[in-house]
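So you can see what is in the structure, the chains are spelled out below.
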Amino acid sequence: MMDALETAEIVARLKAIVVTVEPEVAFIAKYGGTVVESVPGQPKSQFCGIFAYTSHVSLEFTNGAQLDDPAKVLEGAGKHRRHIKLSSLSDIAGKRCEDFLRQARDLKTDLP
């Protein structure tokens, strides 16, 4: 179980990385967490989400099944989505979150 401060630090760090990767994003409170739209006001531009749980923070990718993941960092077996469970700040770098965020941003599927 993580404490609230560590959870908040992980969420804040992830949001900072998202803004570095895609400066014009919109953070939308939804589904009990935060979804990220690369084009504000365009729900189809959602490429990831950040969700806090009692034992970890989950960085979820809308089209995660399409991401290049030779080291098998991503979890999940659904048709589209994949996620990374983060239990500490060091997991952000250790599990290559910025790389996956850049890949997810670059997919840009289903946009007009």
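All figures in this text were calculated on a predicted structure; none of them were measured in a lab.

**Q** What's the story with helix α3 (residues 97-107) in this structure? I'm lost.
**A** Each α-helix winds once per 3.6 residues, and so residues spaced three or four apart point in a common direction. Of all the residues in α3, the buried ones are Cys97, Phe100, Leu101, Gln103, Ala104 and Arg105. In the core, the buried residues of α3 are packed alongside α1 (4-21), β3 (46-52), β4 (57-61), β5 (82-86) and α2 (89-94).

**Q** How should I be thinking about α1 in this particular structure?
**A** Spanning 18 residues, α1 covers 26 Å between terminal C-alpha atoms, matching the ideal 26 Å at 1.5 Å per step. The opening residue of α1 is aspartate 3, an N-cap whose side-chain oxygen sits 3.1 Å from the backbone nitrogen of leucine 5.

**Q** Looking at this model, I keep getting lost on the sheet that holds strand β2 (residues 33-37). Mind explaining?
**A** Note: strands within a sheet are paired through backbone hydrogen bonds, in either parallel or antiparallel orientation. The antiparallel open sheet is built from five strands, whose spatial order is β1-β2-β3-β4-β5. If you trace the sheet from one side to the other, it starts and ends with β1 (26-30) and β5, each paired once. Neighbour-to-neighbour, the strand axes of the sheet open up by a mean angle of 20 degrees, direction not taken into account. Judged from the five bridges that link them, β1 and β2 form a sheet pairing that is antiparallel.

**Q** Hey, could you run me through the packing of α1 against α3 in this one?
**A** Axis angle and axis distance: for two packed helices, these are the angle between their axes and the distance between the axes, and together they describe the pair. Where α1 contacts α3, the axes come no closer than 10 Å and their chain directions differ by 45 degrees. Put simply, α1 runs oblique to α3. Every pair of crossing elements has a handedness; the one defined by α1 and α3 is right-handed. Touching Leu14, Ile17, Val18, Thr20 and Val21 of α1 are Cys97, Glu98, Leu101, Arg102 and Arg105, all from α3.

**Q** Is there a simple way to think about the pattern of salt bridges in this case?
**A** Side-chain pairs of opposite charge can arise whenever the charged atoms involved come near each other. Summed over all chains, the structure comprises six salt bridges. Of the charged contacts in the structure, one is a salt bridge between arginine 81 and glutamate 60, with a shortest N-O distance of 2.7 Å. Of the two residues, arginine 81 sits in the loop between β4 and β5 while glutamate 60 sits in strand β4, which places them 21 residues apart along the sequence. Between arginine 105 and aspartate 106 there is a salt bridge, with the nearest N and O atoms lying 2.8 Å from each other. Judged by relative accessible area, arginine 105 falls into the buried class, the value being 16%. One salt-bridge network, held together by shared partners, links Glu22, Arg105 and Asp106.

**Q** Is there a simple way to think about the confidence of the model for the protein in this case?
**A** Close inspection of predicted coordinates is inappropriate for parts of the model with low pLDDT. Summing up the model confidence of the protein, the mean pLDDT is 93 and the portion of residues at 70 or higher is 96%. The secondary structure element of the protein with the lowest average pLDDT is α3, at 94, and the one with the highest is β5, at 98.

**Q** Where do I start with unusual backbone geometry in this structure?
**A** Most of the time, phi is negative for any residue but glycine, and the peptide bond is trans. A positive phi angle, near 55 degrees, is found at tyrosine 31, a position not held by glycine. Its location among the elements puts tyrosine 31 in the loop between β1 and β2.

**Q** Got a minute to help me understand the pairing of β2 in this structure?
**A** Each regular strand shows side chains that alternate between the opposite faces of the sheet. Among the five residues of β2, five are classified as buried, and the element is accordingly described as predominantly covered. Between β1 and β2, which pair antiparallel in sequence order, lie two residues; one of them, tyrosine 31, sits at a positive phi of approximately 55 degrees.

Definitions and limits used
- Residues numbered from 1 in each chain as written.
- Predicted model: local features only at pLDDT ≥ 70, side-chain atom pairs only at ≥ 80, totals over all residues.
- Heavy atoms only, no water.
- Buried < 20%, exposed > 50% of the residue type's maximum accessible area, 1.4 Å probe, protein only.
- Helix = DSSP H or I, 4+ residues; strand = E, 2+ residues; numbered from the N terminus.
- Contact = heavy atoms within 4.5 Å.
- Expected span 1.5 Å × (residues − 1).
- Polar contact = N/O pair within 3.5 Å; in protein donor to acceptor, adjacent residues only side chain to side chain.
- Pairing = 2+ DSSP bridges.
- Axes fitted to C-alpha atoms, helices over the stretch in contact; angles between N-to-C directions.
- Parallel < 35°, antiparallel > 145°, perpendicular 65-115°, else oblique.
- Left-handed = near helix turned anticlockwise from the far one by under 90°.
- Salt bridge = Lys/Arg side-chain N within 4 Å of Asp/Glu carboxyl O.
- pLDDT = per-residue confidence, 0-100.

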